[in-house]
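Overview (structure and organization)
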Amino acid sequence: MKKLIISSFFNEIKYFIKTENEICLSLLRQFIYIIFLIFNILIMWKMGDFYHQNLFDEHQIIENLQILFLILSTLIFFFLGYKFPKNFELSILLGSFTLIAIVRELDAYFDDLIPLIGWKFGWIFPSFVFGYIIKYPKQFRRSLSKFFKSFSYNLMMTAIILIIPIAQAIGHKNFIMAILGTYSEISTVRRMIEEAIELEGYILIFFASIEYYFSQIKSKKFI
């Protein structure tokens, strides 16, 4: 009886995998995403043994990794805008937001390069795209409606929550001071928390761009 139950259970699993390939592939990708995020944290711990507080400094390893994942995400969004013209407006808009995130991460460089405005000049990218979208509101509205129902959107929102309210709030100097009750090494602790959480968020955005890609190739209409 026990063998029959086990056999029946595995048969049900095989049948599910055979008939629900799309769901299984989606679950597999999600599992890989989770493992990658955990692996990323473990790597940060290991690198901390060698680089210590320098790991999270400006233009160092963590910030460079952040920019790398943002560049990859931007390239994917822009490529999909070219590959799938029906969703061109939405793809370019998403790419423009990751592009401004790159500019924001390079704020020290752009603040010195462009007086007064600094990195904020990056807002010209989404502003230009919004101006273009006004000409094609119907197509953009359809794409946006379907995007809101996708797993890519869920990943994107999770990343935004990590990067803005969580990383900025928990990594805030006053919050760290209130917890530690000291000024000792406050900047190092703050940067470590903020930059580590932001990196996880940018990796999620990269995963969101991958899911956006799978949504696109699943159907020319982006379902």
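In this report, we go over the structure that sits alongside the text. Quick caveat: nothing in here was measured; it's all calculated off a predicted structure. (Residues numbered from 1 in each chain as written. Predicted model: local features only at pLDDT ≥ 70, side-chain atom pairs only at ≥ 80, totals over all residues. Heavy atoms only, no water.)

**A few points about the packing of aromatic side chains**
This is how the line gets drawn: When the centres of two rings from Phe, Tyr and Trp lie within 6.5 Å, Trp using its six-membered ring, the rings pair. Their planes under 30 degrees apart give stacked, over 60 give edge-to-face, and anything left gives tilted. Only DSSP runs of H or I reaching four residues or more are called helices, and only runs of E reaching two or more are called strands; each is numbered from the N terminus. Each residue is assigned to one of three classes by its accessible area relative to the maximum for its type, calculated with a 1.4 Å probe on protein chains only: buried under 20%, partly exposed between the two thresholds, exposed over 50%. Criterion for a charge above a ring: Arg CZ or Lys NZ at most 6 Å from the ring centre, at most 35 degrees from the ring normal.
Here the structure, examined in full by the defined rule, presents 16 aromatic pairs. For the pair phenylalanine 97 and phenylalanine 130, a centre-to-centre distance of 6.4 Å together with 70° between the ring planes defines the contact as edge-to-face. With phenylalanine 97 in helix H4 (residues 88–105) and phenylalanine 130 in helix H6 (residues 124–133), the pair connects residues that are 33 residues apart, well separated along the chain. Here phenylalanine 97 falls in the partly exposed class, since its relative accessible area comes to 34%. Classification of phenylalanine 130 by relative accessible area gives partly exposed; the value is 40%. Residues phenylalanine 147 and phenylalanine 148 carry aromatic rings whose centres are separated by 6.5 Å and whose planes lie at 40° to one another, so their mutual orientation is tilted. Overall, phenylalanine 148 belongs to the partly exposed group, its relative accessible area being 44%. Cluster of aromatic residues (ring-pair linked, three or more members): Tyr33, Phe36, Phe69, Phe206 and Phe207. The ring of phenylalanine 214 is capped by arginine 29, whose NZ or CZ atom sits 4.0 Å from the centre of that ring. Its guanidinium or amino end placed over the ring of tryptophan 119, arginine 104 lies 5.0 Å from that ring's centre, counting from NZ or CZ.

**Some remarks on the nonpolar core**
Operational definition: As used here, the term nonpolar core means buried Ala, Val, Leu, Ile, Met, Phe, Trp, Tyr and Cys residues forming a set that is joined through side-chain atoms within 4.5 Å. Should any heavy atoms of two residues lie within 4.5 Å, those residues are counted as being in contact.
Within the largest apolar cluster, 37 residues are counted, with the highest numbers of intra-cluster contacts made by Met44, Ile62, Leu94, Phe207 and Tyr212. Those elements giving two or more residues to this core turn out to be helix H2 (21–51), helix H3 (61–83), H4, H6, helix H7 (137–147), helix H8 (151–170) and helix H10 (186–218). The leading source of residues in this core is H10, at 10 residues. Isoleucine 62 has contacts with Met44, Met47, Leu55, Phe56, Glu195 and Leu199, leaving out every residue within four places of it along the chain.

**Focus: the side chain of arginine 29**
Looking at where arginine 29 falls in the secondary structure, it is placed in helix H2. Not counting the four nearest positions on each side in its chain, arginine 29 is found in contact with Glu211 and Phe214.

**Let's talk about a positive patch on the surface**
Where we set the bar: Residues form patches when they are more than 30% accessible in relative terms and have no salt bridge. Like charges link within 9 Å. Nonpolar side chains (Val, Leu, Ile, Met, Phe, Trp, Tyr) link within 5 Å. In short, Shrake-Rupley with a 1.4 Å probe defines the accessible areas, and a residue's cover is counted only from the protein chains shown. Any carboxyl oxygen of Asp or Glu within 4 Å of a side-chain nitrogen of Lys or Arg constitutes a salt bridge here. Working convention for charge: Lys and Arg count positive, Asp and Glu count negative, and His plus the chain ends are omitted. A charged residue contributes its charge at one atom only: NZ of Lys, CZ of Arg, CG of Asp or CD of Glu.
Together, Lys86, Lys138, Arg141, Arg142, Lys146 and Lys149 make up a region of like positive charge exposed at the surface. Along the chain, lysine 146 turns up in helix H7.

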